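Chain residues, written in single-letter form:
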Amino acid sequence: MRGYSGVDAAMLREEGRIRWLSDEDWDAALNWIFANFGLIWSLTVTHVALAAVPVVLGFVVAVPLGWVATRWRAVRSVIVGGGSLLYTIPSLPLFVILPYLLGTRITDPVNIVVGLSVYAVAIMVRLAADAFAAVPADVVDSATAVGFSAWKRFWAVELPLAGPVLLAGIRVVSASTVALVSVGALVGSANIGFLFTDGRQRQFLEEILVGVVASLVIALVFDTVLVALGRILMPWSRRTPRRTRQMRSNATLATIERGA
């Protein structure tokens, strides 16, 4: 979807696609929402798309890197430190520089997706490394002792046990990404951030509040979806008494020993 620059926004107002009521109307906020619902919905859909792709890409890239950082301690500082360094890059300059590096237009959504994916990996790689480091060493050793290859051990033992921590990590990445998408509005991206910039230019507080509420709703929906997926894919991660968790850990060891 094409982004809106300041000139585009003025043209949209002239064409009647952005409408608002006078300041004398006490119901300006509610009426503005109804009058501009199509625009708000369009910005929301774009915002969701721009946030969802980096969250998925960040998870897919960071999990293997986190596993490597845990398996080979020598490269852990390089991977984790590199991720921390990437996260220190300010978002707005990154969005401005990326078109020159990628050969895209300044308003191209690819710039936002790539930039947010970099931040997602930067956050998630440390959390992924901590998740795999938290897997009990005796369970990993048992899997190795009975003949599990590194590939099989990753999928059958390490990834499932690291799952709850990985889920917590991706929830943090999700919230951060949803918030950072709005910065893209400063370079012409058509997302909820447009409501902030346009409301600020016109001193229209109601429009800004609509953007804040919309961002919160999107973040809550993302988090709810992730929690639901976690419950479906990892039913064993639900809270249980410590004794039960210890019994399950012992059962896991026994299962690995029998499954050679």
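Everything discussed here concerns the structure shown above.
Rules used in this analysis
Residues numbered from 1 in each chain as written. Predicted model: local features only at pLDDT ≥ 70, side-chain atom pairs only at ≥ 80, totals over all residues. Heavy atoms only, no water. Helix = DSSP H or I, 4+ residues; strand = E, 2+ residues; numbered from the N terminus. Buried < 20%, exposed > 50% of the residue type's maximum accessible area, 1.4 Å probe, protein only. Contact = heavy atoms within 4.5 Å. Areas by Shrake-Rupley, 256 points an atom, 1.4 Å probe, with all protein chains shown as cover. Polar contact = N/O pair within 3.5 Å; in protein donor to acceptor, adjacent residues only side chain to side chain. Axes fitted to C-alpha atoms, helices over the stretch in contact; angles between N-to-C directions. Parallel < 35°, antiparallel > 145°, perpendicular 65-115°, else oblique. Left-handed = near helix turned anticlockwise from the far one by under 90°. Phe/Tyr/Trp six-rings, centres within 6.5 Å; stacked < 30°, edge-to-face > 60°. Lys NZ or Arg CZ within 6 Å of the ring centre and 35° of its normal.

Asker: Tell me what's going on with the overall build of the protein, and back it up with residues and numbers.
Answerer: Counting secondary structure elements, the protein contains 11 helices and 0 strands. When the elements of the protein are put in sequence order from the N terminus, they spell out α-α-α-α-α-α-α-α-α-α-α. Each of the 260 residues in the protein was classed as buried or not, and the buried ones make up 40%. When contacts within the protein are restricted to residue pairs at least 6 apart in sequence, long-range pairs at least 24 apart make up 69% of them. Total accessible area on the protein is roughly 14300 Å²; 68% of this is exposed by carbon and sulfur atoms.

Asker: Describe the environment of Thr107, and please don't skip the residues or the numbers.
Answerer: Following the sequence through the fold, Thr107 ends up in the loop between helix H5 (91-102) and helix H6 (109-133). With 83 residues separating them in the primary sequence, Thr107 and Ala190 have C-alpha atoms 8.6 Å apart. Of the polar contacts made by the side chain of Thr107, one reaches the side chain of Arg105; its length is 2.8 Å.

Asker: Could you give an account of the packing of helix H3 (residues 37-71) against helix H10 (residues 205-233), with specific residues and numbers?
Answerer: Two elements in contact, H3 and H10, have axes separated by 11 Å at closest approach and are oriented at 45°. Put simply, H3 runs oblique to H10. Seen along the crossing, H3 lies across H10 with a hand that is right-handed. Contacts from Ile40, Thr44, His47, Val48, Ala51 and Ala52 in H3 reach Val210, Ile218 and Phe222 in H10.

Asker: Describe the packing of H3 against H6, with residues and values.
Answerer: Here H3 crosses H6 at 35°, and the two axes come no closer than 6 Å. Between H3 and H6 lies a crossing of right-handed hand.

Asker: Any details on unusual backbone geometry? Residues and values, ideally.
Answerer: A positive phi angle, near 55°, is found at Gln203, a position not held by glycine. Judged by its relative accessible area of 61%, Gln203 falls in the exposed class.

Asker: Requested: an account of the packing of aromatic side chains, with residues and values cited.
Answerer: Scanning all chains against the criterion turns up 7 aromatic pairs. With a centroid separation of 5.9 Å and 75° between ring planes, the pair formed by Trp32 and Phe204 is classed as edge-to-face. With Trp32 in helix H2 (residues 28-35) and Phe204 in the loop between helix H9 (193-201) and H10, this pair connects stretches of sequence that are 172 residues apart. For the pair formed by Trp32 and Phe204, the shared burial category is buried. With a centroid separation of 5.2 Å and an interplanar angle of 85°, the aromatic rings of Phe154 and Trp155 are classed as edge-to-face. Site record: aromatic cluster; members linked through ring pairs are Trp67, Trp72, Phe132, Trp151, Phe154 and Trp155. A cation over a ring is seen here: Arg71 above Trp72, with NZ or CZ 5.1 Å from the ring centre. Here Lys152 stacks its cationic end above the ring of Phe148, 4.5 Å away from the centre of that ring.

Spatial relationships are all this shows, so hold off on functional conclusions.
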